[in-house]
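Architecture and fold: a report
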Amino acid sequence: MQRSHQPHRLALALGFALALAACSTANRNLSDSEAEAAADAAAASADAAAGSGKLETRRMREAAAAKAQVARALAPAPPSPPPASVAYQTAQSTLDRVEVTGSRIAGNMAAPELYAPVVMPQPSNTEKYAHAEDNPVHRTSEQPVSTFSIDVDTGSYSNVRRMLADGVRPPADAVRAEEFINYFDYGHPAPISRDIPFRVTTELAPAPWNGKRQLLMIGIKGYDVPKAEIPPANLVFLIDTSGSMDSPDKLPLVKDSLRQLIKHLRPQDRVSMVVYAGSAGLVLPPTTGAQREDILEALDRLDAGGSTNGGDGIRLAYAMAKQAYIRNGVNRVILATDGDFNVGTVDQNALETLVADQRKSGIALTTLGFGQGNYNDELAEKLADVGDGNHAYIDTAMEARKVLVQEMGSTLLTIAKDVKIQVEFNPAAVAEYRLIGYENRVLRREDFANDKVDAGDIGAGHEVTALYEITPVGSGAERLPELRYGTAATTANKGDAKELAHLRLRYKRPGEDTSRLIETPILRSQLAAKPGEPMRFAVSVAAFADALRGGKQIGAWSWNEIASAAKQSLGADRWGQRREFLALVEQAQKLTEPEEVAIHVSE
């Protein structure tokens, strides 16, 4: 049943006004774009404090924005130019010469219904998520080494946020703990210079759900390159204009999102635009960032219709990226889609091979997921993985600003490639360990030093956070039963008992094929009585992800304890993201424990 927003509108109006006033006072030293973003974030904070209707208010604001856009569309305007379909030369079996059979452009878009909701229901739900089991507990004496690739994706968190805001409990496979954790900034220390492109730090503290166990947090912070030093960018917008994108939370939101990025293009940047439905089409040939109006005009004329030939679209997009390639610059395809490929190359393995082959040419792939009902998360996340890019899910205009404006420097400029982490635990100190999340990034032990094995990349200013739950020797908190024929671990030949573990990290500089090694010991003496504020919040986010997946790993920790831990570690919360997280915890509890008393996150 549709919930009424009427009781919350007065509170929202007052909260939003106060938020804007606060932003105008507190952000006098921010740039215009930062102040605008801060205003949105403060509004989100006001939403979170407004009561039980806070999750709906973001969509109400965006519905109001949509109405304003419709009013502008209905105003008298000069005739639209003819469709900008551009023929492309053909050649067989090459990516550089691709036949274009059409494009999805409409000269006159029909105005949407003034009071249509922002999210349209789908007749059936065919969303796809890759299945993953939680990482197992390992006995250190049997398997002391843990190896995995870093991950900077955040799409799982914002996608789950969309479901919770709509009153839907997310499926367990939609929840990837590492993407929840890495959605937030924890203030990890940055490197001093670009000579070593990132800095690695560790923190050790008791686990809140079991004081006999401990949590190890590994933080990686990339060198933050000033915007003025980011090299020219060659971007290809690859936009799904198939019939499945004909929904307010799909193609219209794609267009609104890309407009925010286009505003920040520089004259030295280049943009091409490719669309695909039943066939692929070139809407905009390589165009400089100085021609912003031409780029916006091409974007505004896009319309949705037809089946989805994603394979041809990807081929044409890479062909355009090669044609406009910038040596020593940023070369990237940005794919915006619901992932519902249904004609042409539809086999996921074939698409992955296609993208993996193209990354060798120095062109990365970013995937942006949109919409609901038929969203293919599995495909979007995997294509970004094999394409040396990142995956995000955009459910609101505010999320679009976060991904495409605030974090675009990190997304565009890669400062380290194929970053792998390996932790060797000391059996004399650690009886058991478990890596939290990163299930689809786990590598074999021998992959760590194999420079032919692909791994995740780090962009300028990016943060990566990982958590291990460990069981100290002699703590009595072991979860694995003793082996009948096993022998107890001894300290002989197990290294210094003062060391808890040894951390190794491998990475390649852009343009290099040989990895470099960073290593450091983790000492038992690092154990703190309680975690610092950033770690407390990271742990609450990890617990939230586990609770959504069934709560198998966090003992008796409840929704209330998750919310309490997060509430005590909100920090400055400049963009209101942590306060919004509290609202999600409350909503998740309502969906999973409808008979229980709801959490109240307002002061």
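Everything here concerns the structure above.
Residues numbered from 1 in each chain as written. Predicted model: local features only at pLDDT ≥ 70, side-chain atom pairs only at ≥ 80, totals over all residues. Heavy atoms only, no water.

Mapped onto the secondary structure, A319 falls in helix α8 (residues 310-323). Classification of A319 by relative accessible area gives buried; the value is 2%. The spacing of A319 and Q358 is 39 residues in sequence and 9.8 Å in space, taken between C-alpha atoms. (Helix = DSSP H or I, 4+ residues; strand = E, 2+ residues; numbered from the N terminus. Buried < 20%, exposed > 50% of the residue type's maximum accessible area, 1.4 Å probe, protein only.)

Strand order in the open sheet made by the five strands is β1-β12-β14-β4-β3, with antiparallel pairing throughout. Of all strands in the sheet, those bounded by a partner on one side alone are β1 (138-139) and β3 (198-207). In this structure, β1 lies alongside strand β12 (residues 430-436), joined through two bridges in antiparallel fashion. Across the sheet, H138 pairs through a bridge with Y433, a residue of β12. (Pairing = 2+ DSSP bridges.)

Even without glycine at this site, D388 takes up a positive phi of about 55°. Along the polypeptide, D388 turns up in the loop between α10 (377-386) and β10 (391-393). Positioned with a positive phi, D573 is a non-glycine residue whose angle comes to about 50°. Position of D573 relative to the elements: it lies in the loop between α14 (559-567) and α15 (577-592).

Evaluated as defined, the whole model comprises 18 aromatic pairs. With centroids separated by 4.3 Å and ring planes inclined at 35°, the aromatic side chains of Y157 and Y183 adopt a geometry described as tilted. On the criterion of sequence distance, the pair formed by Y157 in helix α4 (residues 155-165) and Y183 in the loop between α5 (177-181) and β3 is long-range, its members being 26 residues apart. When the ring of Y433 is compared with that of Y468, the centres are 6.3 Å apart and the planes differ by 65°; the resulting orientation is edge-to-face. You can see Y433 sitting in strand β12 and its partner Y468 sitting in strand β14 (residues 463-472), a full 35 residues away along the chain. Here the two residues Y433 and Y468 agree in accessibility, since each one is buried. One aromatic cluster in this structure is built from Y157, F180, Y183, F184, F537, F544, W559 and F581. Sitting over the ring of Y183, K402 keeps its end group 4.0 Å from the ring centre. (Phe/Tyr/Trp six-rings, centres within 6.5 Å; stacked < 30°, edge-to-face > 60°. Lys NZ or Arg CZ within 6 Å of the ring centre and 35° of its normal.)

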